[in-house]
Structures are given as structure tokens and as C-alpha cells.
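Each chain, letter by letter, is given below.
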Amino acid sequence: MARDLQKYLRVSSTLFCPGCGLRVLSNLVLRAIDELELNIDDMLFVSGIGCAAWIPSPHFNADTLHTLHGRAVAFATGAKMVNPKLKVLVISGDGDLGDIGGNHLIHAARRNIDLTVICANNQNYGMTGGQVACTTPIGALTATTTEGNVYRPMDLVRLVQAAGATYAAKYSVTQPLLLTESIKKSLGIQGFSFIEVWAPCHTQFGRRNQFANPAEMFKDLKNSCITREEAEGLSPEELEGRIITGEFCDVSNYTD
Amino acid sequence: MKEQPYNRVEKSVLPAGSYYFSGDEAVVEGALAARCGYYAGYPITPATEILERVSIRFKEVGAVFMQMEDEISSICSAIGASWAGAKAMTATSGPGFSLMMEGVGYAAITETPVVIVDIQRAGPATGQATRVGSGEIMQAKWGSHGDYQVIALSPWSVDEIYYMTISAFNLAEKYRVPVFLLADEAVGHMREKMEVREEVKLFERIKKRGAAPFGTEEASGVPPMPAFGEGEKLLVTGSTHDQYGFRKTEDSLVHEQLTSRLHNKIVNNREEIIEYEDYYLEDADVVMVCYGFTGRSSLFAVNSMRRDGKKVGMIRLKTIWPFADRMIKEVGARVKRIFVPEMNKGQVAGEIMKYASCDVISYGQTNGEIIYPSTIIEQLGRVL
């Protein structure tokens with residue numbers, strides 16, 4: 001954690017594995033809050049169950065609600081509806097928000113509830129030992145797909161966009177400046193905003209998929225990510241294995 | 001009748017007077033009188049009328065209504081609303097009640113006041129959606145995993161469901177616990193006269209700035225409860241936690257202390273919480289213990305049998321959980337038999353058997369219909 005951001009922490013060290021992408025994401029969320037000069041006492045951090053849900057709880061020295069698996073968005077909806085002054089930020093994982101909590105995510109986007117949801121995507125269930133998730137790529141090895149995942153991964157950004165989100169973006173923790181700007185933007189938007197953040201899990205996912213070394217996993221992720229602008233004009237062959245990042249939907253200034 | 005604790009008196013929302021309401025409608029008026037600020041629900045027979053009336057009435061007083069995508073999100077959002085400072089509730093029936101159970105455990109371990117109305121229908125599963133049942137007595141107590149305590153109330157009339165809804169909020173706020181209003185379809189759908197009094201006595205959440213929100217000096221105490229946005233930097237978690245909310249998932253002492261306090265804060269205060277009514281107990285040989293709509297048939301039957309000179313008595317449980325164990329033990333020691341008519345296969349009868357030294361005879365009717373007075377007279381007549 002950057003020294004100037006430690007003032008936002010409740011504890012002196014993080015609980016994440018060395019080399020975990022969630023350390024970077026924790027840093028960037030606080031960087032965005034700091035740069036916006038938000039009063040953290042006016043914020044509420046809601047999370048579900050899983051590694052990413054630990055980003056705010058217990059780390060952030062603020063109001064935090066560490067909830068049930070999959071239900072963070074529902075808890076956040078109730079809190080926001082009775083106290084609209086709270087700036088509510090949901091931070092949880094892909095399994096939590098996409099698998100078990102997928103329905104709540106869709107409906108919060110449909111209702112355009114004024115929440116910011118940051119979904120840390122590590123492509124598997126890290127906390128329980130690396131099982132397949134709705135975001136796991138085809139062919140990837142996990143604790144429950146020992147011969148390779150056969151199902152297509154879900155595109156959560158397209159999902160919430162189709163459901164009616166005001167803002168939807170996808171970035172990786174290897175794009176810290178773009179991601180920080182995106183978080184800052186999402187926190188200023190009235191309505192439902194969603195950012196999928198690729199955050200490598202070498203401990204559970206990497207070690208089964210040729211990336212036991214976190215530095216190499218970060219490097220590979222960094223090389224795989226291209227922006228939407230960079231992707232334009234590339235052939236399907238050139239886009240193979242690439243993660244296209246950027247803002248996919250922003251109707252925050254949209255008027256009929 | 002025992003007076004429940006209160007710390008605030010307000011004007012009733014409805015003008016004082018007589019009203020002709022269904023039980024479901026009366027729940028909504030009771031919630032408004034209790035100053036409920038948030039309702040989340042999902043349509044389900046026979047509780048839908050609550051949802052529909054809430055959708056109209058809540059906005060009239062500036063309270064929030066959300067029709068959620070399911071009962072899981074309904075209870076979860078109500079818990080979130082409660083921590084944001086509102087009195088919060090949801091209402092449902094059997095299948096929705098089952099879906100809520102994980103949330104009930106979360107409310108219990110985080111000590112979140114929340115009121116859950118269950119208008120019971122005939123189960124299991126979809127069962128008979130429009131018919132009456134009383135099958136969630138044990139589910140209300142044990143539906144979520146782990147050890148915790150709840151409070152469950154059982155109304156027998158429209159008038160009582162109105163006042164019991166207010167009591168449910170008062171108890172939830174006082175003990176920081178999920179409180180169930182375990183009505184049955186017959187009470188929910190029945191229409192009858194209801195009297196609204198001028199004033200309503202409320203219990204408001206205790207706040208104490210800087211106090212530990214999850215622990216007390218006494219082993220069975222109820223900590224004060226701050227809300228989000230008050231600068232208390234709350235750490236709320238469904239994991240085992242210490243008095244400040246820090247996760248202690250491998251500390252056996254903290255887990256024992258937490259689960260014991262969740263248990264004791266209700267069980268040690270049960271004489272304060274428990275309410276019941278009794279009839280003809282002085283010289284009764286056989287006592288009928290009943291609750292909910294069945295209390296009406298039972299009272300008719302007992303009055304009728306008394307006129308015939310039969311020494312029967314009756315106890316109507318208004319509080320199901322915590323269970324009136326001491327009273328049942330005392331009554332069971334001086335009567336010949338206890339007869340328990342109920343619209344399930346003996347869920348309360350089984351509980352009575354744990355405490356009564358006399359014979360306990362269960363009459364469990366699960367045909368989707370109310371138990372008629374004539375049935376009770378016949379069945380009770382056999383055991384006199």
C-alpha cells in the first residue's frame with residue numbers, strides 16, 4: 001500500500017497472498033478516493049464473500065458491510081435506498097458477483113441503482129482453492145476442471161450493459177492509471193456503474209495454468225491487455241488471446 | 001396483558017378509530033405505526049396483499065418500498081437498510097421464507113433488527129399456495145445453520161396482528177434480533193374489525209457514540225447500534241467477530257462468547273419477552289395449548305365444553321419463540337393432560353413434550369383447512 005494512502009487503512013498489513021492482484025486494486029481504489037478528495041466517512045463499502053470481498057473489510061477504515069456470498073449488491077441496495085447521501089461502493093469477486101450473485105447484479109443494473117460495483121476478476125474461486133468460475137476461460141485448468149474448462153466465460157461488462165447500467169468498463173490492474181481514472185469517473189456517476197478489473201491470482205489459478213510466478217503472470221496480463229482504440233482494425237487472429245479494455249458504456253450524460 | 005418496553009410515544013399514523021381490514025393490510029398499518037422506513041419483498045401468495053398495500057402506503061409517509069428480484073435479496077436489502085438506520089422489514093410465505101434463511105442467520109450474527117412476516121400456507125414446497133398451514137414453527141427457530149436465537153410471535157386476529165407488528169419492531173430494536181411474525185393464511189386473509197388507538201408505544205434503537213457495536217460487559221447484553229454514515233467506521237461481518245467487528249474466525253473463545261451472547265440475550269430475557277393468554281386454568285384437568293388462528297376455534301370449543309361442565313382450560317401462545325418453557329413446565333405438573341391442536345404435524349406439541357411432565361396429546365391437521373371448533377370438541381372429548 002502506498003504510504004500516503006495508509007491513512008485510509010484500519011490494519012497495518014493486508015491479508016492477501018504476496019503477488020496477489022487484489023493488493024494493487026486496493027491501492028487504486030483508495031488512490032481514486034484520495035484524488036477525488038472524498039470524505040470516506042460519507043462512503044459505505046459493501047462486499048460479499050471471497051478474496052476480493054476482503055479489500056474493504058477489514059482493510060478500509062470506513063463503514064464496511066461484509067455480507068453473504070453473492071448478496072453484496074442486494075445489501076447495498078437497501079442501504080443506499082434509505083440513506084441516499086451514502087456513496088456506496090461494492091467491491092467483490094467474479095464468483096460472488098457473476099456466479100452466485102448474478103441475478104442481483106442484473107437487477108441492480110436494470111434499476112440503475114446509484115451504486116458503483118467493482119468486480120475483481122481473478123478467473124476462479126481463489127479462497128476455496130481455485131475452482132472454475134463463470135469467468136474461467138475455455139481450456140483453463142482449475143480444481144474442478146482438471147481436464148480443462150469446457151464452458152464459455154461470461155462477459156460481465158456486456159451483461160450489465162444489456163441490463164441497463166449507466167457506466168460499464170473493463171480494465172486490468174496492470175493499467176493503473178486508466179483504472180484509477182475509471183474508478184474516479186464511476187464514483188461521480190449518478191446511476192449504476194460497473195468496472196470489471198482483471199486481477200491475477202497466481203496462487204490458485206496461475207499455478208495450474210503456467211503462471212506460478214506472479215511477476216510472469218502480471219507481465220502476461222499486461223501484454224494481453226489492449227485498449228478498445230488499439231483493438232480497432234485488428235483482425236480476429238490478431239485479437240486472439242487479447243483482453244480488450246476500456247469504457248464499453250457511458251450514458252451518464254445521456255438525455256432523451 | 002404484559003406491557004412491552006418502549007422509549008418513545010408517537011401518534012398513530014391511522015387516525016384512532018375502528019377499521020375493517022384484512023390481516024395482511026393490518027400488518028402494513030402496524031409497520032407504518034412503528035415507523036418502519038424500509039420494506040423489501042417479492043410477490044407470493046398469501047402475503048402479496050402486504051406487498052401491494054406497502055407499495056401505496058409507504059410512499060405516503062416517505063418510507064421506502066422495493067420490490068426485489070427474489071426473497072433472498074428482499075431480506076438482504078432489509079438488513080442493509082437496517083444498518084443504514086431504518087427500521088426494516090420483509091414479508092413472505094413458505095417458499096420465500098425458505099429462501100430467506102441464510103439472511104436470517106446473517107441478521108442473527110450481526111445483531112441486525114429486522115422484522116420478517118411469514119403468512120404461512122400449506123407446504124412443503126409449493127404445496128397448497130392458497131390454503132392455510134402452520135408449518136414454519138420449527139423453521140423459524142432452526143431454519144438457518146448454526147446456533148442463534150430469534151423471537152417469533154403468533155397473532156390470532158386482525159386487531160392483534162396490527163399491534164403485534166408494532167411489538168415485532170419494538171422487540172427487534174430492543175434485542176437487535178430478527179423477529180418473525182408467524183401468522184397463518186387464515187389470519188392474513190381474514191377481514192374483521194380492528195381498533196386503532198391514538199398513541200403508539202415504540203422502542204427506538206439505542207445509540208452510544210464510540211461504544212463497541214458487537215459486545216457488552218454483561219455476557220447476555222445487547223450492544224448499542226450505530227448506523228452507516230455516522231462516522232463510526234463500522235466493521236459489520238457475518239463471520240465470527242470480536243466486539244468491534246474484527247473477524248476472529250479461528251479464535252475459539254471469541255466464537256463461544258459470541259454465540260453464547262446471541263443465545264443468552266434472548267433466553268435470559270425470555271420472561272420479559274414471552275406473552276400468552278390463559279383461560280379456565282384454575283380447575284382444569286385438561287389444558288389445550290394453541291396459537292394463531294387455531295386459538296379462535298379452540299376458545300370456541302373450550303367455552304362450549306365448559307358449558308357442558310367439562311374441566312378444560314386453554315393457553316394461547318402469543319410468543320412462540322423463545323418458548324414459554326417455565327409456564328408449560330408449571331402447568332404440566334398440575335394437569336392430567338395437555339392437548340395441542342395445530343396446523344402441522346405436532347411442531348409445538350413436540351416442544352411442549354420437552355417440558356411438560358404430564359401426557360401431551362398432539363392433534364396435527366395438515367389438510368390445508370382451519371381446524372374447526374367441532375373437530376376440537378370431538379378430539380379433545382376423546383382425551384378427557
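Bear in mind that the values here come from a model prediction, so they are computed numbers and not experimental data. All residue numbers here refer to positions counted from 1 along the written sequence of the relevant chain. Here chains are named by letter from A upward and ligands by number from 1 upward, in the order in which they appear as written. Per-residue local features are limited, in this predicted model, to residues with pLDDT of at least 70; the limit for side-chain atom pairs, both in listing and counting, is 80 or more; totals at the level of whole chains, interfaces and linings are taken over all residues.

Participant: Any chance you could explain the domain arrangement of chain B here in plain terms?
Facilitator: In many reports, interface size means the accessible area that the parts give up when they come together. Residues and elements named next belong to chain B. Looking at chain B, the domain boundaries give domain 1 (8–202) and domain 2 (275–381). Each domain's limits were defined by an automated method or a database of domain assignments. One C-alpha centre belongs to domain 1, the other to domain 2; they are set 26 Å apart. Contacts between domain 1 and domain 2 engage 23 residues on the former and 21 residues on the latter. Broken down by secondary-structure element, the contributors of at least two residues to the side of domain 1 that touches domain 2 are β7 (128–132), α6 (137–142), β8 (151–153), β9 (178–184) and α8 (185–189). Here, residue contact means that the backbone-derived C-beta atoms of the two residues sit within 7 Å. Runs of E in the DSSP output that reach at least two residues are strands. Runs of H or I that reach at least four are helices, and both are numbered from the N terminus.

Participant: Is there a simple way to think about the pairing of strand β7 (residues 167–172) of chain A in this case?
Facilitator: A regular strand carries its side chains on alternate faces of the sheet. Residue and element names in this part refer to chain A. Taken across its six residues, β7 has six buried, putting it largely inside the fold. Partly exposed residues are those whose C-beta has more than 12 but fewer than 20 other C-beta atoms within 10 Å; 20 or more makes a residue buried and 12 or fewer makes it exposed, with C-beta atoms placed from the backbone. With burial as the criterion, each face of β7 is covered, one bearing Y167, A169 and Y171 and the other bearing A168, K170 and S172. Strands qualify as paired when DSSP identifies two bridges or more between them. The pairing of β7 with strand β8 (residues 193–198) spans six bridges and is classified as parallel. In the strand pairing of β8, Y171 is matched with V197.

Participant: I tried to follow the packing of helix α4 (residues 102–111) of chain A against helix α5 (residues 156–163) of chain A on my own but got confused; where do I start?
Facilitator: Residue and element names in this part refer to chain A. A fitted line through C-alpha atoms represents every axis, and for helices the fit uses only the stretch in contact; the resulting angles, taken between N-to-C directions, go from 0 to 180 degrees. Interaxial distance between α4 and α5 falls to 7 Å at its minimum, and their mutual angle equals 45°. In terms of orientation, α4 and α5 fall into the oblique class. In the crossing of α4 with α5, the sense of the turn from one axis to the other is right-handed. Where α4 abuts α5, its residues L105, I106, A109 and R110 lie against L159, V160 and A163. The residue classification treats Ala, Val, Leu, Ile, Met, Phe, Trp, Tyr, Cys and Pro as nonpolar and Asp, Glu, Lys and Arg as charged. All others, Gly included, are polar. Here the residues of the contact of α4 with α5 sort into six nonpolar, no polar and one charged. Just so you know how the angles are binned, under 35 degrees is roughly parallel, over 145 roughly antiparallel, 65 to 115 roughly perpendicular, and the rest oblique. Put simply, a crossing is left-handed when the front helix is turned counterclockwise from the back one by less than a right angle, and right-handed when it is turned clockwise.

Participant: How should I be thinking about helix α7 (residues 214–224) of chain A in this particular structure?
Facilitator: Along an α-helix, a turn takes 3.6 residues, which lines up residues three or four apart on a common side. Residues and elements named next belong to chain A. Three or more residues of α7 are buried, namely M217, F218 and L221. Here the buried residues of α7 occupy an arc of 100° about the axis, which is enough to place them on one side. Residues of α7 that are exposed and point over 90 degrees away from its buried face: A215 and N223. Looking at the buried side of α7, the elements it contacts are β7, β8 and β9 (225–227). Directions are taken from the helix axis to each C-beta atom, and the arc is the one they span.

Participant: Which parts of the structure should I look at to understand the sheet that holds β8(A)?
Facilitator: In space, the nine strands of this open sheet follow the order β9(A)-β10(A)-β7(A)-β8(A)-β4(A)-β3(A)-β1(A)-β2(A)-β12(B), with mixed pairing throughout. Edge positions in the sheet fall to β9 of chain A together with β12 (235–237) of chain B, since each of these pairs with one other strand and no more. Ignoring strand direction, the axes of neighbouring strands in this sheet form an average angle of 20°. Relative to β8(A), strand β4 (residues 116–121) of chain A runs parallel, the two being bridged by six bridges. Paired with A:C119 across the two strands is A:E196, which belongs to β8(A).

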